[in-house]
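The chain contents come next:
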Amino acid sequence: MRLEDMSWPEVEKVLQQPNVIILPVGSTEQHSLHLPLDVDSRCATHIAERVAEKVTGEYKIHVLVAPTLPYTDSSSWLSFPGTMGISAETLVKVVEDITRGLLRQGFRNILILNGHYPNAAPITIALRHLESDFPDAGLYALNWWSVGFDTIPGVRKSRSGLHADELETSVYLAIRPEKVHLDKAVKDLPRYSVSERWAEPDLCGTQRLIYHTRRKHPIKGLSPGVLGDPTVASRETGEKIITAVVDDLAKIILEIMEMPPRT
Ligand SMILES: [Zn+2]
């Protein structure tokens, strides 16, 4: 189901049948002392592949996973060695160009699965640019932590987190435990300059106020590069989160394809 593993005639064949293509969008960015740089890319890719496996296996819909976009808007953490990225403006163009190419080939159901919060706005703008040119297309995007909301609050131990936190660490532990150094994990809670009534410093929280900066400055030497509490992360929590997110994404795809879920 990985696009890069297929030949073009195989892709052409899929295009003649009900299909959805998922484009995972990640980052190459520091994730504190205990995680590698590929967390956002790896989590989005893994979830996309699990969804593809589930939907393609259980239903007659072909779900393809496009190669993950690893260079995105990581401007906040550039002072940390190894962090690489492009500007938000460039990202709009990159997502727009890639999506336009897929649309021209005949893909009509495109789901962008984001693994890095700051990418959400550029992705939205890119899809807005394409809407009028391809009115018959289904263009969708979401952050992976935006679903699974019936499960995540009940399995997490920490109350807030934005980066390299319990959620990301747990999910990564479920995917590649050998690359997580939990003994090096430190807790540093995120704070915004406004009260939680308007913006909760949490990936899954309410964000009524869009801009709420003046949080702890993300500079090497002043911050360990974490916003949350990864010390309470566990593989078990990660597995539960992944299952819940994959199940919800599968339901979304069935709705997109107008197929009733099997009970
Ligand atoms: Zn991340």
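Quick look at the structure, then. (Residues numbered from 1 in each chain as written. Predicted model: local features only at pLDDT ≥ 70, side-chain atom pairs only at ≥ 80, totals over all residues. Heavy atoms only, no water.)

## Quick notes on the pattern of salt bridges
Okay, so step 1: A full pass over the atoms with the stated rule returns 16 salt bridges.
Okay, so step 2: As a salt-bridge pair, Arg-128 and Glu-131 come within 3.1 Å of each other at their nearest N and O atoms. With Arg-128 and Glu-131 both in helix 4 (residues 120-131), this residue pair falls 3 residues apart, about one helical turn.
Okay, so step 3: Taking the relative accessible area as the measure of exposure, Arg-128 reaches 55% and is therefore exposed.
Okay, so step 4: Residue Glu-131 is classed as partly exposed on the basis of its relative accessible area of 40%. (Salt bridge = Lys/Arg side-chain N within 4 Å of Asp/Glu carboxyl O. Helix = DSSP H or I, 4+ residues; strand = E, 2+ residues; numbered from the N terminus. Buried < 20%, exposed > 50% of the residue type's maximum accessible area, 1.4 Å probe, protein only.)

## Some details on the side chain of Thr-28
Okay, so step 1: With respect to the helices and strands, the residue Thr-28 is situated in the loop between strand 1 (19-25) and helix 2 (39-58).
Okay, so step 2: We classify Thr-28 as buried; its relative accessible area is 16%.
Okay, so step 3: Side-chain polar atoms of Thr-28 contact the backbone oxygen of Pro-70, separated by 2.8 Å.
Okay, so step 4: Among all residues touching Thr-28, those that are not within four sequence positions of it are Leu-37, Pro-70, Tyr-71, Ser-74, Gly-82, Thr-83 and Met-84. (Polar contact = N/O pair within 3.5 Å; in protein donor to acceptor, adjacent residues only side chain to side chain. Contact = heavy atoms within 4.5 Å.)

## Let's talk about the sheet that holds strand 4 (residues 138-143)
Okay, so step 1: What the 4 strands build is an open sheet, ordered 2-1-3-4; its pairing is parallel. Two strands bound the open sheet, and with one partner strand each, they are strand 2 (62-65) and strand 4. Geometrically, the sheet is characterised by an average inter-axis angle of 20° between neighbouring strands, direction not taken into account.
Okay, so step 2: With 5 bridges connecting them, strand 1 and strand 3 (residues 109-114) associate as parallel partners. (Pairing = 2+ DSSP bridges. Axes fitted to C-alpha atoms, helices over the stretch in contact; angles between N-to-C directions.)

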